[in-house]
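Here's the letter readout for the chains.
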Amino acid sequence: MTGASEVGGAPPTGRPFATLAPMAEITDSAFRAVALEAGAAAATTEMVCAAGLVRDSKNTKPLLARLADERGFVAAQLYGHDPRELAEAARIVAALGRFQAVDFNAGCPMRRIVENGDGAALMRDPALLGRCVAALAAASAPLPLWVKTRIGTDPEHPAAALLARVCEENGAALVTMHGRFASRAHAGDPEPRFVADAVSAVRIPVVANGGVRSAADAASFLENTGAAGVAIARGAVGAPWIFGETRAALAGLPAPPPPTPTLRLKEFLRHLDLIERLSGPDAIVPAARRHLFNYFRGLPGAAAMRRRFQEARCAMDIREAARALVEELN
Ligand SMILES: Cc1cc2nc3c(=O)[nH]c(=O)nc-3n(C[C@H](O)[C@H](O)[C@H](O)COP(=O)(O)O)c2cc1C
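Residues numbered from 1 in each chain as written. Predicted model: local features only at pLDDT ≥ 70, side-chain atom pairs only at ≥ 80, totals over all residues.

### Thoughts on the packing of helix α6 (residues 126-140) against helix α7 (residues 160-169)
Put simply, the rule is: Helix axes are fitted to C-alpha atoms over the stretch in contact, other axes to C-alpha atoms as well, and angles between N-to-C directions run from 0 to 180 degrees. Secondary structure follows DSSP: runs of H or I at least 4 residues long count as helices, runs of E at least 2 residues long count as strands, and numbering of each begins at the N terminus. In this scheme the handedness of a crossing depends on how the near helix is turned from the far one: anticlockwise by less than a right angle means left-handed, clockwise means right-handed. With C-beta atoms placed from the backbone, a contact is any residue pair whose C-beta atoms sit within 7 Å. Any residue that is not Ala, Val, Leu, Ile, Met, Phe, Trp, Tyr, Cys, Pro, Asp, Glu, Lys or Arg is counted as polar, Gly included; the first ten are nonpolar and the last four charged.
Interhelical geometry of α6 versus α7 gives an angle of 30 degrees and a closest axis separation of 8 Å. As α6 packs across α7, the resulting crossing turns out to be right-handed. Facing Pro126, Leu129, Gly130 and Val133 of α6, the residues of α7 in contact are Leu162, Leu163, Val166, Cys167 and Glu169. Broken down by class, the residue content of the contact of α6 with α7 amounts to 7 nonpolar, 1 polar and 1 charged.

Structure, rendered in structure tokens:
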């Protein structure tokens, strides 16, 4: 596994890169392993509540599990707004010896998060954001601290440059800038010009996030922002090969062939096996319904297979439904 010290806080590459962005209930160790195998330069865990970690709540620790199969640069993401509690949580993460960076969530727009003063709420209080970042950076050492934030709370208050500067001045090693305002949540097109403002405001790497669904999207987002890399969230769900495609495109290499139904099935079954190893067989049916069906998105018969997933009682039903779809197509 790559040691954080070797790579100085950025994913282990000097070239433009693509990372797997954090997604709650999706970017567990199984998905991260698949994405890293497919060519992601780094990945981030699901968001983890700092208070829960400090109190050792039983739902929190499993979010930081890591399979031996997950090889590569992984950041553990924390959320919260109390600098002391965040620092304590970062020390717990660092002591696990399992991750290469700590990432701080300063952009989640979900109501229950914002109402608690966490996530995107910190964008309204740059001074508090700065204190959180400083506390986290000190407590995470020697691991680098990353911050994931947004271009502002709403279009009337663009703040990408200011927020990136606050992060840099307080010790962040990298900022992932989601190019949508918090008021837009995850809808609409990202706005690269605001991400570009952040890039020109700081010297640390800025990773552009939002709306990347293909290697071509990644290349144009980089071109329009000057960012060091892109972070891909929904575009990688059921499509980890986006990382191989993006890597090839950014290196000027020919595009790999598009995934055949057989390759999709192979990746799907591998992902399923990893989930089973990580969380047990009971985790498969919910994961298949929640996001794994996307491996077959767009194929004829995928809708019927998804209905079979809804009726599935066990992991075997899920595997059979997927195999039947691909057999019909071959
Ligand atoms: C289901 C889901 C869960 C997410 N969970 C997190 C999270 O835990 N932490 C975080 O910083 N962002 C989270 N995000 C935001 C993504 O990391 C990303 O910023 C957003 O989806 C925009 O990127 P995309 O257009 O490539 O999907 C989540 C997004 C989705 C769709």
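### Description of the pairing of strand β3 (residues 74-79)
Put simply, the rule reads: Each residue is classified by how many other C-beta atoms fall within 10 Å of its C-beta atom, where C-beta atoms are placed from the backbone; a count of 20 or more means buried, 12 or fewer means exposed, and values in between mean partly exposed. Strand pairing follows a simple DSSP-based rule, namely that at least 2 bridges must link the two strands.
Counting buried residues along β3, 6 of its 6 residues qualify, which places the element largely inside the surrounding structure. Judged by which residues are buried, β3 turns out to be covered on both faces: Val74, Ala76 and Leu78 on one side and Ala75, Gln77 and Tyr79 on the other are all buried. In the sheet, strand β2 (residues 42-49) pairs with β3 via 5 bridges, with the strands oriented parallel. Considered in β3, the bridge of Met47 is made with Gln77. Bridge count between β3 and strand β4 (residues 101-106): 4 bridges; the pairing is parallel.

### Some details on the domain arrangement of the chain
What counts here: Bear in mind that the domain bounds are from an automatic or database domain assignment.
The domain boundaries assigned to the chain delineate domain 1 (4-250) and domain 2 (261-329). Look at where the C-alpha atoms of domain 1 and domain 2 centre, and you get two points 28 Å apart. Contact with domain 1, which involves 15 residues of that partner, is made by 13 residues of domain 2.

### Some points on the sheet that holds β3
Ordered by their spatial adjacency, 8 strands build a closed barrel running β1-β2-β3-β4-β5-β6-β7-β8, and the pairing between neighbours is parallel. Strand-to-strand twist of the sheet, defined as the mean angle between neighbouring strand axes without regard to direction, takes the value 30 degrees. When strand β7 (residues 206-209) meets strand β8 (residues 229-232), the two strands line up parallel, connected through 3 bridges. Its bridge partner being in β8, Val207 is matched across the sheet by Gly229. Each of β6 (174-178) and β7 is contacted by helix α8 (residues 192-201), which is oriented at about 175 degrees to β7, the strand it contacts most.

### Topic: the environment of Pro281
Its place among the elements puts Pro281 in the loop between α11 (261-279) and α12 (284-290). Placed 33 residues apart in sequence, Pro281 and Cys314 show a C-alpha to C-alpha distance of 7.9 Å. Setting aside chain neighbours within four positions, we find Pro281 in contact with Glu276 and Ala315.

### A word on the nonpolar core
Where we set the bar: The term nonpolar core refers to a set of buried Ala, Val, Leu, Ile, Met, Phe, Trp, Tyr and Cys residues connected through C-beta atoms within 7 Å.
One finds Val102, Val133, Leu136, Val195, Val206 and Val230 to be the most contacted residues of the largest nonpolar core, which totals 116 residues. When residues are assigned to domains, this core turns out to be shared by domain 1 (4-250) and domain 2 (261-329), each giving three or more. Excluding residues within four positions of it along the chain, Val195 makes contact with Ile151, Ala160, Met177, Gly179, Val206, Ala208, Thr225 and Ala227.

### Some words on helix α10 (residues 242-250)
Those residues of α10 not exposed but buried are Ile242, Phe243, Glu245, Thr246, Arg247 and Ala249. The inward-facing, buried residues of α10 contact β1 (17-20), α2 (29-38), α9 (215-225) and β8. Looking at the residues trailing α10, positive phi occurs at Gly252, about 75 degrees.

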